[in-house]
Amino acid sequence: MSSQQNNSSVTLNTLNNMKERGEKICCLTAYDSTFSNILSNSGVDVILVGDSLGMVSQGHENTLSVTLEDVIYHTRSVKRGAHRALVVADMPFMSYQVSGAQAVTNAGRLIQEGHAAAVKLEGGARMADRVHAIVQAGIPVMGHIGLTPQSVHQFGGYKIQGKTFLDSKQIKQDAKDLQKAGAFSLVLEGMPEELGGKITHDLEIPTIGIGAGSKCDGQILVTHDLLGLNPDFAPKFVKHYVQLADVIQNAVSEFISEVHSKAFPAPKHSYNLKK
Ligand code: KIV
């Protein structure tokens, strides 16, 4: 039975079984309960409360100013709407880099206060000890390697990673180290399809790709990108399944014109006293 037909909640086991069966894992982002309810009911397996919320919801240029409090707040909302999907909360910039103790404390808050089932953090081999420490505390961790947006300044922009022999060797090592540290899954972002495929083949844990080609065990997109809510953002890896910005703009224009012309509210939208 595919996960879409099965209404029981998604767990880490579900994802492992899907990898074993060669069934693709579908992940999307959400920041509120309306969206998480729609996504979960549509059959999405994993909902990530990504720090992308800093860009798509808060209007920042990058993800770096998102705070732990922001992610806790949004995760609580998402969790209320996600009846089937596994909810993963992103660890924001500087909420795990300082020390293992800081990483465990903050991952714990995302579980205890945000009600997430798992956390995600960015970084490869150099973050393996953080992943290990959090997993030892009983908290599942999703890793994130390749083009890790929290390192945007170090990369000098949002650049595809792993294009040279040495870079791709390092990313393959990152993947192995994170699996060894206990990560239950890895996001592979912004890398050549061949590298995404090789890592996916070599790992036992599921890989979730974004701009990492078709060979990953699953795919993730930022929901606002998939829905065309920000039509100016159209990098190669994004597919706009609908131009929702246009749909919304047309609906709002119609509302404005009907208010101006007094066509709205019509009698059927108004309350009247009993005669
Ligand atoms: O923050 C986010 O939404 C992410 C995904 C795009 C992988 O990290």
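Above this note sits the structure.
Worth saying up front: this structure is predicted, and the values here are computed from it rather than measured.

## Quick notes on helix H9 (residues 193-202)
For H9, the set of buried residues is Leu195, Gly196, Gly197, Ile199 and Thr200. On its buried face, H9 sits against helix H1 (12-21), helix H8 (165-181), strand S6 (185-189) and strand S7 (207-210).

## What to know about the site of the ligand
Around the ligand, the neighbouring residues are Thr29, Leu48, Gly50, Asp51, Ser52, Asp90, Lys120, His144, Val187, Ile210 and Val222. For the ligand, an oxygen atom lies 3.0 Å from a polar atom in the side chain of aspartate 51. Between an oxygen atom of the ligand and a side-chain N or O atom of serine 52, the distance comes to 2.5 Å. A total of 250 Å² of accessible area belongs to the ligand in isolation, and the protein chains cover 95% of it. Class assignment of the residues belonging to the shell around the ligand gives a composition of four nonpolar, four polar and three charged.

## Quick notes on a nonpolar patch on the surface
The grouping of Ile248, Val252, Phe255, Ile256, Val259 and Phe264 at the surface amounts to a nonpolar patch, some 480 Å² of accessible area in total. With respect to the secondary-structure elements, phenylalanine 264 resides in the segment after helix H11 (244-260).

## Describing the side chain of serine 95
As for its position among the elements, serine 95 is in the loop between strand S3 (86-90) and helix H5 (100-112). On the accessibility criterion, serine 95 (4% relative accessible area) is buried. Setting aside residues no more than four positions away along its own chain, serine 95 makes contact with Leu68, Gln102, Ala103 and Asn106.

## Side note on the sheet that holds S6
Pairing in this closed barrel of eight strands is parallel, and the strands run S1-S2-S3-S4-S5-S6-S7-S8 around the ring. With direction set aside, neighbouring strand axes in the sheet form an average angle of 25°.

## Overview of unusual backbone geometry
A negative phi angle characterises most non-glycine residues, just as the trans form characterises most peptide bonds. Of the consecutive residues phenylalanine 264 and proline 265, the connecting peptide bond is found in the cis state with omega at 0°. Tracing the backbone through its elements, the reader meets proline 265 in the segment after H11. For methionine 94, which is not glycine, the phi torsion reads 70° and is therefore positive. One can find methionine 94 in the loop between S3 and H5.

## As for the pattern of salt bridges
All chains considered together, the criterion is met by nine salt bridges. Taking the shortest distance from any N to any O, the salt bridge between arginine 84 and aspartate 45 comes out at 3.1 Å. Of this pair, arginine 84 sits in the loop between helix H4 (68-81) and S3 while aspartate 45 sits in the loop between helix H2 (33-42) and strand S2 (46-49), placing them 39 residues apart in sequence. Note on accessibility: arginine 84 and aspartate 45 belong to one class, buried. Across the pair arginine 130 and aspartate 129 runs a salt bridge, and its minimum N-O distance is 2.9 Å. You can call aspartate 129 partly exposed: its relative accessible area is 46%. Taken together, the shared-partner salt bridges connect Glu69, Arg109 and Glu113 into one network.

## Describing the environment of serine 185
Following the sequence through the fold, serine 185 ends up in strand S6. Sequence separation between serine 185 and proline 206 is 21 residues; the distance between their C-alpha atoms is 5.0 Å. Ignoring sequence-local partners within four residues, the contact set of serine 185 consists of Val141, Met142, Gly143, Ile205, Pro206 and Ile208. Looking at serine 185, its side chain comes within polar contact range of the main-chain oxygen of proline 206, at 3.1 Å.

## Focus: the pairing of S2
Side-chain alternation along S2 places Val46 and Leu48 on one buried face and Ile47 and Val49 on a second face that is also buried. When strand S1 (residues 25-29) meets S2, the two strands line up parallel, connected through three bridges. In the strand pairing of S2, cysteine 27 is matched with valine 46. What joins S1 to S2 is H2, and the crossover it makes is right-handed.

## Comments concerning the packing of helix H6 (residues 128-136) against H8
For the pair H6 and H8, the least separation of the axes is 8 Å and the interaxial angle reads 20°. Comparing their axes, H8 and H6 come out roughly parallel. Of the two possible hands of crossing, H6 and H8 adopt the one that is right-handed. Contact residues: H6 offers Ala128, Val131, His132 and Val135, while H8 offers Asp177, Leu178 and Ala181. For the contact of H6 with H8, the per-class residue count stands at five nonpolar, one polar and one charged.

Basis of the calculations
- Residue positions within a chain follow its written sequence, with the count starting from 1.
- It should be noted that, the model being predicted, local features are given only for residues of pLDDT at least 70 and side-chain atom pairs only at 80 or more, the latter also being counted only at that level, while totals for whole chains, interfaces and linings use all residues.
- Working from all heavy atoms in the structure, the side-chain values ignore hydrogens and water.
- Relative accessibility under 20% of the residue-type maximum defines a buried residue, over 50% an exposed one, and the middle range a partly exposed one, all with a 1.4 Å probe and only protein chains included.
- Strands here are runs of E lasting at least two residues and helices are runs of H or I lasting at least four, both read from the DSSP assignment and numbered beginning at the N terminus.
- Any two residues whose heavy atoms approach within 4.5 Å are treated as being in contact.
- One heavy atom suffices: a residue is near a molecule or strand as soon as one of its heavy atoms comes within 4 Å of it.
- N or O atoms closer than or at 3.5 Å make up a polar contact, with two conditions inside protein: a donor-capable atom paired with an acceptor-capable one, and, for residues adjacent in sequence, both atoms drawn from side chains.
- In these tables, accessible area is a Shrake-Rupley quantity obtained with a 1.4 Å probe, and a residue counts as shielded only by the protein chains included in the view.
- Under the scheme applied here, ten amino acids are nonpolar (Ala, Val, Leu, Ile, Met, Phe, Trp, Tyr, Cys and Pro), four are charged (Asp, Glu, Lys and Arg), and all others, including Gly, are polar.
- Here a patch means residues that are over 30% exposed by relative accessible area and free of salt bridges, tied together within 9 Å if like-charged and within 5 Å if nonpolar (Val, Leu, Ile, Met, Phe, Trp, Tyr).
- Just to be clear on terms, a salt bridge is a Lys or Arg side-chain nitrogen sitting within 4 Å of an Asp or Glu carboxyl oxygen.
- Any two strands with at least two DSSP-identified bridges between them are counted as paired.
- Note on geometry: axes are C-alpha line fits, over the in-contact stretch for helices, and angles between N-to-C directions span 0 to 180 degrees.
- If you view a crossover with the strands going away from you and the path from the first strand over the helix to the second runs clockwise, you call it right-handed.
- For classification, angles of less than 35 degrees are called roughly parallel, those exceeding 145 degrees roughly antiparallel, those between 65 and 115 degrees roughly perpendicular, and all remaining angles oblique.
- Left-handed describes a crossing whose near helix is turned anticlockwise from the far helix by less than a right angle; the clockwise case is right-handed.

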